[in-house]
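Coordinates in review
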Amino acid sequence: MLLSLSKMYWINVIAVISGITCVSSHTNYGDRIPNGYRVPHPCGGGQTWEGVGHHYPGGARGTGGIRNRFGIDFKLAGLMWTHELCRKDSDMDGLTNGEELGDPNCNWKQGDVPEMEAKSHPGICEPIDSVKCQEHNERFGDRLDCAKVTKHCPALSEPGMKSKDLRFPLTPIPGTETVYKCMAYDLPTDGDFHLASTTPIINNTDIVHHMILFGCDFPENFNKTVLYRMKAAPYTCEMTPHKYCNHFLGTWTYGHPGDCWSKEAGFRIGRYGTKVAALQIHWNNPRKLLGQKDSSGMTIHYTGTRRPNDASMFILGQEYLEIPPRSNGVTFSSVCPSECTREMFQEKIYITRAANHMHYYGKKQRISIYRNGTKIRDLTDEDNYNYDHPIFHHFNPPVEVLPGDDIVTECTYASDKVKTIKFGAGTSDEMCYGFLTYYPRQNFLQTLCIQWKSVQRCVRKLPKFKGIYNGCEWRSFTEGSNKAVISQAFSNDTCGYYHHHKICSSNCTDFSQKILQHPCLQGDLGDFIGKRTKMPIDILRSCAESSAESSANRVTFEAVAFASLVICYLHIQNLYRT
């Protein structure tokens, strides 16, 4: 895995894991207003009100299409975001529709990124418990009964269900666009539990982008001082909270009430499970505001009445993406191959839910299962992907996957930009991931099914393959003396001349041809190792490929140089004679 890309893998991608489970009935209408898929539910809890113009959070489904005051005004405006609609206060709570939807200056046009996040609902008078607003909101009935709304998971009402808050202390947010902070917590160890649900605690709704709760498995001899510091206060993190914190326990992203796990499986914590967890929070501060603070977190709900199985997740995807400028319908794919799933799964597994994840250039994504070359079924198939409106696909009964099955992920993009869009952590970059929740838990690294170009991580990492990839002992190559040999070549007379004059000397050409014969430097694997180790593979290839031309140039240069010396010598002799 590329060092830089492996960090990016953990960054931001988890935002999708806690997505919304159904598609809005008015997907196109959501595109026509700022933050159309991210309008907060008045009851909070990180939930959104999908049908912004309707009395029901889900929109017109089964309601006869009853519109709220904003929906009426939106229809009168021709179902478009106009300056007049932006300036109007549809719900009469003292804020304009633009102020509530994140377009306070009424500059937004369809396709633009809103100036800020939506702060409240333009069709519901808020705060909903005020005397004035209770009268205005009377027609919403129990859809604004927050005690009922926030109970998103039946497991929360089970007898014996316990809860624990894992929350940041009030922490200053830096004035930078993207920040990841982590903090570790002790989990209950007075019993053997299953984690059944999570609910978010959102303090700064404008800046908290997503959260992920990692399970940590520290060795017995782990440095207690380091662990103490991880638990004492939030600290800056990127890839994971720590290399020993690398499996998922809970997630949240904008618009989701929290995780609610299948009755068939739960995430094992406590005496015989995970004992320490680390919460990662992504702060998204595109306006680089100063003076912001946050104390968000997550409540875990756990029970001693365990489910029949232990649950887990794993991730699929492609980490080499280069979307050309002004392109449409560009597809990248990856496969978790049969040779790997045969080793990863010691028995058949059952997928309980699946989710896609791309960014704003992503248009379509599909995750499919193949068996012996024949397609069994799609786990996901989204032809109208929307980053702001993630979908979770739940399966009841769960989908059976056998050892030896292939799992294929396809991502399709379109870009109107004048630059190439590449894989990266920011929402202006792109990703191609799939997330699968399954049971029973298997003992393998959750990121094994990720590839870069054609290079399979599972083939590099699984014990069966003994660290050999297409004849390349990649670990010894990248950690051995080869990198030093290449670095030294570019710092001395062998290839050092290239840095100053961009010319391949004969020594550098000979060196390049020889070193590139190594199996670790062939094709995509060579590109991968070059990026991982920062070896100048492209330069070596250029010098090796231009050997014939370079030889001809050297002959010509030497001949011209010799002729010049002869002419100069004869000219000097002639001067002496005269």
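What counts and how
Residues numbered from 1 in each chain as written. Predicted model: local features only at pLDDT ≥ 70, side-chain atom pairs only at ≥ 80, totals over all residues. Heavy atoms only, no water. Helix = DSSP H or I, 4+ residues; strand = E, 2+ residues; numbered from the N terminus. Contact = heavy atoms within 4.5 Å. Disulfide = S-S within 2.5 Å. Buried < 20%, exposed > 50% of the residue type's maximum accessible area, 1.4 Å probe, protein only. Pairing = 2+ DSSP bridges. Axes fitted to C-alpha atoms, helices over the stretch in contact; angles between N-to-C directions. Salt bridge = Lys/Arg side-chain N within 4 Å of Asp/Glu carboxyl O.

The helix and strand tally for the protein chain stands at 17 helices and 26 strands. A separation threshold of at least 6 residues defines the contact pool for the protein chain, and within that pool the share at least 24 residues apart is 77%.

With that settled, consider the state of the cysteines. Summed over all chains, the structure comprises 11 disulfides. A sulfur-sulfur distance of 2.0 Å marks the disulfide that ties cysteine 125 to cysteine 133. Measuring handedness by torsion sign, the sulfur bridge of cysteine 125 and cysteine 133 sits at about -55° and is left-handed. Comparing cysteine 125 with cysteine 133, the two get one shared label, buried.

Spatially, the six strands line up as an open sheet ordered β19-β16-β22-β13-β23-β24, and their pairing is mixed. The outermost strands of the open sheet, each flanked by one partner alone, are β19 (392-401) and β24 (455-456). The pairing of strand β13 (residues 312-318) with strand β22 (residues 433-439) spans six bridges and is classified as antiparallel. Note on β22: the bridge partner recorded for serine 312 is tyrosine 438. Relative to strand β23 (residues 449-452), helix α15 (residues 523-533) is tilted by about 90°, and along the sheet it contacts β23 and β24.

A few words on the environment of aspartate 93. Along the polypeptide, aspartate 93 turns up in the loop between α4 (83-87) and α5 (97-101). By relative accessible area, which is 15% here, aspartate 93 ends up buried. Distance in space between the C-alpha atoms of aspartate 93 and cysteine 133 is 7.3 Å, their sequence separation being 40 residues.

Attention shifts here to the pattern of salt bridges. Evaluated as defined, the whole model comprises 17 salt bridges. Notably, a salt bridge pairs arginine 306 with aspartate 192, separated by 3.1 Å at the nearest N-O pair. Taken as a pair, arginine 306 in the loop between β11 (297-303) and β12 (309-310) and aspartate 192 in strand β4 (residues 192-201) lie far apart in primary sequence, 114 residues in all. By relative accessible area, which is 40% here, arginine 306 ends up partly exposed. The class for aspartate 192 is buried, based on a relative accessible area of 13%. Linking aspartate 310 and arginine 268 is a salt bridge whose minimum nitrogen-to-oxygen distance equals 3.0 Å. Linking aspartate 310 in strand β12 with arginine 268 in strand β8 (residues 265-270), this pair joins segments that are 42 residues apart in sequence. Assessed through its relative accessible area of 22%, arginine 268 is described here as partly exposed. Connected via shared salt-bridge partners are Arg366, Lys375, Asp378, Asp381 and Glu410.

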